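# Working through the structure, step by step
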Amino acid sequence: MSRCVDLFIDSPASLDELAATLGTLSGLSFVGSAEGTHWGVRDGEGFAELAEHDFDDDRQLLVSKYRYDLFARVESGSATEGASAVMLRRIFALLKADGTYPALLVFDLQHVLDRADGSRREARPNTVR
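Notes on the structure in this doc start here.

Rules and cut-offs
- Residues numbered from 1 in each chain as written.
- Predicted model: local features only at pLDDT ≥ 70, side-chain atom pairs only at ≥ 80, totals over all residues.
- Heavy atoms only, no water.
- Helix = DSSP H or I, 4+ residues; strand = E, 2+ residues; numbered from the N terminus.
- Buried < 20%, exposed > 50% of the residue type's maximum accessible area, 1.4 Å probe, protein only.
- Contact = heavy atoms within 4.5 Å.
- Areas by Shrake-Rupley, 256 points an atom, 1.4 Å probe, with all protein chains shown as cover.
- Expected span 1.5 Å × (residues − 1).
- Arc of directions from axis to C-beta.
- Core = buried A, V, L, I, M, F, W, Y, C linked by side-chain atoms within 4.5 Å.
- Phe/Tyr/Trp six-rings, centres within 6.5 Å; stacked < 30°, edge-to-face > 60°.

### Side note on the overall build of the protein
Along the protein, the regular secondary structure elements total 2 helices and 7 strands. Start at the N end of the protein and walk to the C end: the helices and strands fall as β-α-β-β-β-β-α-β-β. Expressed as a percentage of the 129 residues in the protein, the buried residues total 43%. Sequence separation of 24 or more characterises 55% of the internal contacts of the protein that already satisfy a separation of 6 or more. Accessible area of the protein: about 7,600 Å², with a carbon and sulfur share of 48%.

What follows is the structure, encoded as C-alpha cells:
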C-alpha cells in the first residue's frame, strides 16, 4: 500500500522561482516538467514532486494556507524513514532553519509531523488605511 509525505510551503514566488530557491537551499537539482506544472527532485533513491495544490482543509489540517506541495509516495514499511521521506524532512529542516517560508510537513494528509512559521518572511505592506 502506498502512503505519502507532503511538505506544504507558502510562498508568493512562482513555481519556477520556488523550485530554484529550494534547489539552492538544499543543493539538489529540481527538474521542470515539459508542461511547467510541476518540478521533480531526486536525492539518491528519494523522489518528490513540487506543484501547486488544491487540497481542502480537513479539521485541524489547514493546508489551504499553503500554496505549494512537495510530495512523495512512500512504501508503507518505510513511511517516515524511506529515502523520499528523509529527503523531505531534510528540505523541511532547511526551510525551518532559513525561516523565510511557512511550511507544514504532513504524513498521509492526516498527521502533522512538524511546522515552520516562516518568522523571517518579509513583512507585507499594510494596505489597510
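Picking up after the structure, the text goes on.
### Some words on helix α2 (residues 83–98)
Given a rise of 1.5 Å per residue, 16 residues ought to cover 22 Å, and the 23 Å separating the end C-alpha atoms of α2 matches this to within 8%. Listed in full, the buried residues belonging to α2 are Ser 84, Ala 85, Met 87, Leu 88, Ile 91, Phe 92 and Leu 95. For α2, the angular spread of the buried residues around the axis is 160°, confining them to a single face. After α2 finishes, the residue Gly 99 shows a positive phi value of roughly 75°.

### Overview of the nonpolar core
Leu 7, Leu 22, Phe 30, Leu 50, Leu 70, Ile 91 and Leu 95 are the most contacted members of the largest nonpolar core, which totals 28 residues. Among the secondary structure elements, those contributing two or more residues to this core are β1 (2–9), α1 (15–26), β3 (39–43), β4 (46–52), β5 (68–75), α2 and β6 (103–107). The leading source of residues in this core is α2, at 6 residues. In terms of nonpolar packing, the next biggest core, distinct from the first, is built from 6 residues, Phe 8, Leu 61, Leu 104 and Val 106 among them.

### Overview of the packing of aromatic side chains
Taken as a whole, this structure holds 1 aromatic pair when the rule is applied. When the centroid spacing of 6.0 Å and the interplanar angle of 85° are considered together, the rings of Phe 8 and Phe 55 count as edge-to-face. One end of the pair, Phe 8, is in strand β1; the other, Phe 55, is in the loop between β4 and β5, with 47 residues separating them in the sequence. The exposure class assigned to Phe 55 is partly exposed, which follows from its relative accessible area of 33%.

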